[in-house]
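Chain residues, written in single-letter form:
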Amino acid sequence: MPEQISHLQNESEADTCRKDVLPKIYDSGWNDDQISEQRTFTDGRINIVGRKAKRRKAKRYDYLLRYSQNLPIAIIEAKNKYKIAADGIQQAKDYAEILKLKFAFATNGTEILEFDFITGLERYIDRYPSPQELWDRLNGADPVKPEIQETYLKPFYPIVGKPERYYQVIAINRTVKAILEGKKRALLTLATGTGKTTVAFQIIYKLWNNRWNTKNEYRRPKVLFLADRSVLVTDPHSKDFAVFGDARCLVPEEGLPSSREIYFSTYQSLAEDKNRPGIFRNLPRDFFDLIVIDECHRGSSSEESNWRIILEYFNTSVQLGLTATPLREDNKDTYQYFNNPLYTYSLKQGIEDGFLAPYIVHRIVPLPDAIGFRPQEGQLDDRGQTIPDGIYTTPDFETLISHLPRTKAVAKHLYDFMCRNGRYDKTIVFCVDQEHADQFRRELNNLNNDLVQQYPDYVVRIVSEEGDVGKGFLGKFMDIDESFPVIVTTSRLMSTGIDVQTCKNIVIFRMVNSMTEFKQIIGRGTRVREDKEKLFFTILDYTGSATRNFADPDFDGVPPLITEAEIDDAGNEIPGSETSFETPPETDDENDSPPPPNWTSKGRRQKFYITEGEVTISAESVQIIGEDGKLRTVQYTQYAKEQITTLFPSMINFNEKWNNLDERRLIFEELENSGISIDQLIEITNQQSADPFDLLCFVAYDLKPLTRKQRSDLLKKNKPDFFKQYSDKAKEVLNMILEKYVDYGLNQITPDIISVEPIAQHGNPIEILSEFGGIDQFRSAIEKLQILLYADAA
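What counts and what doesn't
Residues numbered from 1 in each chain as written. Predicted model: local features only at pLDDT ≥ 70, side-chain atom pairs only at ≥ 80, totals over all residues. Heavy atoms only, no water. Phe/Tyr/Trp six-rings, centres within 6.5 Å; stacked < 30°, edge-to-face > 60°. Helix = DSSP H or I, 4+ residues; strand = E, 2+ residues; numbered from the N terminus. Buried < 20%, exposed > 50% of the residue type's maximum accessible area, 1.4 Å probe, protein only. Pairing = 2+ DSSP bridges. Axes fitted to C-alpha atoms, helices over the stretch in contact; angles between N-to-C directions. Contact = heavy atoms within 4.5 Å. Parallel < 35°, antiparallel > 145°, perpendicular 65-115°, else oblique. Left-handed = near helix turned anticlockwise from the far one by under 90°. Nonpolar A, V, L, I, M, F, W, Y, C, P; charged D, E, K, R; others polar.

**Q** Can you walk me through the packing of aromatic side chains in this structure?
**A** The description of two aromatic rings rests on the distance between their centres and on the angle between their planes. In total, this model carries 48 aromatic pairs according to the counting rule given. When the centroid spacing of 4.7 Å and the interplanar angle of 5° are considered together, the rings of tyrosine 67 and tryptophan 135 count as stacked. Here tryptophan 135 lies in helix α4 (residues 131-141) and tyrosine 67 lies in strand β4 (residues 60-68), a separation of 68 residues in the sequence. The same class applies to tyrosine 67 and to tryptophan 135, which are both buried. Geometrically, the ring pair formed by phenylalanine 654 and tryptophan 658 is tilted, given 5.7 Å between the ring centres and 45° between the ring planes. Here phenylalanine 654 pairs with tryptophan 658, and both are found in helix α21 (residues 651-658), just four residues apart, close to one helical turn. The buried category is assigned to phenylalanine 654, whose relative accessible area is 0%.

What follows is the structure, given as structure tokens:
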């Protein structure tokens with residue numbers, strides 16, 4: 001019996017799958033086209049450690065069973081033979097819930113445990129159900145009408161090198177089913193950066209390729225793809241939908257020919273106003289079978305919108321809305337029109353899956369925003385106008401008061417931030433209006449004049465008034481292979497529909513009171529481009545908009561890190577100004593002493609201009625997200641202490657783990673997963689000479705740290721027997737390794753150190769290893785050295 005157990009333990013999970021699991025799947029009638037084996041279905045969450053990023057392991061299933069090519073139906077989790085099937089059932093259920101599957105199986109090659117989400121029953125079974133058996137059970141709970149099954153089960157268009165992600169498959173299948181069943185309005189809520197255009201393409205292609213239409217005629221459907229920005233229609237037309245060839249048409253460049261099948265247009269190109277009738281009226285009301293409205297939250301469904309009439313005119317069409325924003329007060333008309341979404345894939349889930357980039361949030365408070373600005377009695381602005389008395393706060397700046405010193409201070413702070421972290425990192429600055437965007441562009445231009453001399457387009461303004469010039473800059477800014485422009489200032493033009501995959505900084509220098517708009521702004525940075533070293537981005541919030549919106553309980557994508565600091569008149573951070581909050585501070589947009597209304601005789605609000613004066617930054621903070629998913633604003637060292645003591649409640653427990661080299665590696669991994677960087681702790685605590693062990697004990701347990709030099713000296717003094725067992729030449733090598741440790745840290749104590757000067761002067765690697773008796777003995781000596789350094793730590 002012991003020999004049998006030992007034999008089972010020597011078999012890997014892969015052995016179990018190959019010898020026992022897969023043959024049983026085949027026996028139940030599944031073929032290779034229906035079995036997907038050992039695939040990851042997420043990319044692995046990206047953790048931010050300091051200002052570096054590291055991925056966690058991706059979620060990976062053992063077997064995914066498909067009834068048809070693009071219809072997954074069940075998942076199987078396999079365990080080693082020496083385990084029981086029940087050990088895998090929870091993971092199988094977790095994965096099935098993510099993938100929206102109704103059947104989950106766990107097996108050890110012998111036992112098969114099934115969980116049925118339809119009935120809620122869990123039971124052991126003798127064999128896997130056949131494809132038809134599972135389809136019949138699924139169809140019994142969520143029927144697919146016989147007359148639409150053939151089209152519903154047809155495959156997607158195959159895109160080489162770009163398979164659909166799991167949530168895209170869910171969205172496509174649910175939408176196609178709803179349309180085939182006759183649903184007239186449908187909505188998909190998919191976070192920015194998750195591929196709404198890909199989803200729309202596959203839905204349209206499947207219906208088009210299978211000749212679906214609202215009249216059940218033998219023809220391909222007429223489809224209208226609508227959006228409110230030209231880039232949102234020209235890009236899909238020329239890229240994703242290129243496969244449709246001459247069947248597609250771009251309005252108004254090609255007019256509105258009735259002979260095409262896939263039409264791309266902005267609302268504005270079709271809409272009517274008092275000066276012109278809408279060109280959409282040139283077509284019959286039943287012309288389109290399907291209308292897809294991208295970014296539909298931006299007014300198409302609003303009863304007050306002029307664009308709503310387009311949708312009402314083509315009222316026989318199926319209308320599919322695509323949006324990135326969940327239901328909110330400011331977009332409720334969208335949900336009232338389209339009804340509840342068929343499927344939602346949130347920003348939070350996208351970050352958890354590793355498909356979207358996480359972010360650090362810096363909250364910076366200029367002094368006028370912290371205490372308000374009140375003019376002196378009778379103070380004139382730069383144009384000779386008397387500034388009305390009152391206390392002006394963040395919502396008033398650049399609307400009632402153009403406060404150039406504040407703009408200069410913020411520009412200097414952003415300049416310093418980019419100098420520290422990357423002057424060539426693409427950055428979008430959201431300003432109050434076009435004038436403000438121009439002021440900020442000018443200040444950044446002058447601060448970066450050394451780069452502007454070489455690259456005149458280093459910083460540009462992109463607003464509607466820029467016309468074709470702005471479009472040219474926008475195209476280059478969006479191009480992942482174009483380095484310039486680096487910084488773009490704008491007001492609202494780039495808050496939605498702009499895909500800047502390499503954007504690393506989002507700067508908020510205006511009030512953002514709409515959660516819908518805020519999520520669109522955040523979406524400008526959520527794309528991941530590992531080949532361009534873009535794994536996370538930073539939000540610099542100078543108005544409190546990000547902090548306030550993150551505090552909203554309905555926000556679904558809290559950041560892993562938020563910082564807060566003060567800046568002085570010149571825009572420099574004030575040392576020691578870090579503050580600590582349990583929850584993000586809320587900003588009150590109203591003031592007890594609001595300025596009087598400033599209106600001209602023509603009924604327009606008057607703006608006053610101040611160009612002289614000094615402005616400081618009052619506060620700057622950092623916020624992080626803990627393992628529980630809750631957002632907290634805390635000091636970095638306090639956060640590190642909480643995480644370490646949670647993992648290791650006592651110093652003794654921590655020391656025991658540290659003295660096991662395998663456990664030590666896990667400690668570093670756990671800390672990184674919690675967003676704790678040793679390098680950042682060293683910088684914050686100013687303990688550059690401390691050993692990592694002592695640094696962590698200092699932060700977590702308030703113990704006075706030893707320097708690496710002190711640890712090295714203690715080792716030589718207290719453990720002479722360790723050195724006596726080696727030759728003089730070997731002792732010299734060990735002492736030199738310790739010197740490297742003292743100078744540069746624990747990562748120097750590795751076997752490959754023998755190839756580094758001055759150790760290499762003692763001979764080639766083979767000669768040095770022979771002094772220790774060979775490679776295995778040398779490795780043993782290195783490991784022993786790493787343990788003995790901490791022998792007296794407890």
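**Q** How should the sheet that holds strand β7 (residues 112-116) be read in this particular structure?
**A** By way of backbone hydrogen bonds, the strands of a sheet pair with one another, either parallel or antiparallel. Spatially, six strands are ordered β1-β4-β5-β6-β7-β8 in an open sheet, and the strand pairing comes out mixed. Here the strands that pair on one side only, and so sit at the sheet edges, are β1 (35-40) and β8 (121-125). Recorded for the sheet is a direction-independent mean angle of 25° between the axes of neighbouring strands. Inspection of the sheet shows β1 paired to β4 by five bridges, in the antiparallel sense. In the sheet register, serine 36 faces β4, and the bridge partner there is leucine 64. Those strands touched by helix α3 (residues 89-98) are β4, β5 (71-78), β6 (103-107), β7 and β8, and its axis lies near 155° from that of β6. Helix-sheet contacts for α4 involve β4, β5, β6, β7 and β8, and the interaxial angle to β5 is about 115°.

**Q** Even after reading the chapter, I still don't get the environment of leucine 64, so can you show me in this structure?
**A** Looking at the secondary structure, you find leucine 64 in strand β4. Residues leucine 64 and glutamate 37, spaced 27 residues apart in sequence, show a C-alpha to C-alpha distance of 6.5 Å. Residues in contact with leucine 64, not counting those within four places in the same chain, are Gln34, Ile35, Ser36, Pro72, Ala74, Leu99 and Leu101.

**Q** Would you explain the packing of α21 against helix α24 (residues 692-701) in this entry?
**A** Running from N to C, α21 and α24 cross one another at 160°; their axes reach a closest spacing of 11 Å. Considering their axes alone, α21 and α24 lie roughly antiparallel with respect to each other. Remark: the crossing between α21 and α24 carries right-handed chirality. Of the residues in α24, those touching α21 at Met651, Phe654, Asn655 and Trp658 are Pro692, Phe693, Leu696, Cys697 and Tyr701. Class assignment for the residues of the contact of α21 with α24 results in eight nonpolar, one polar and no charged.

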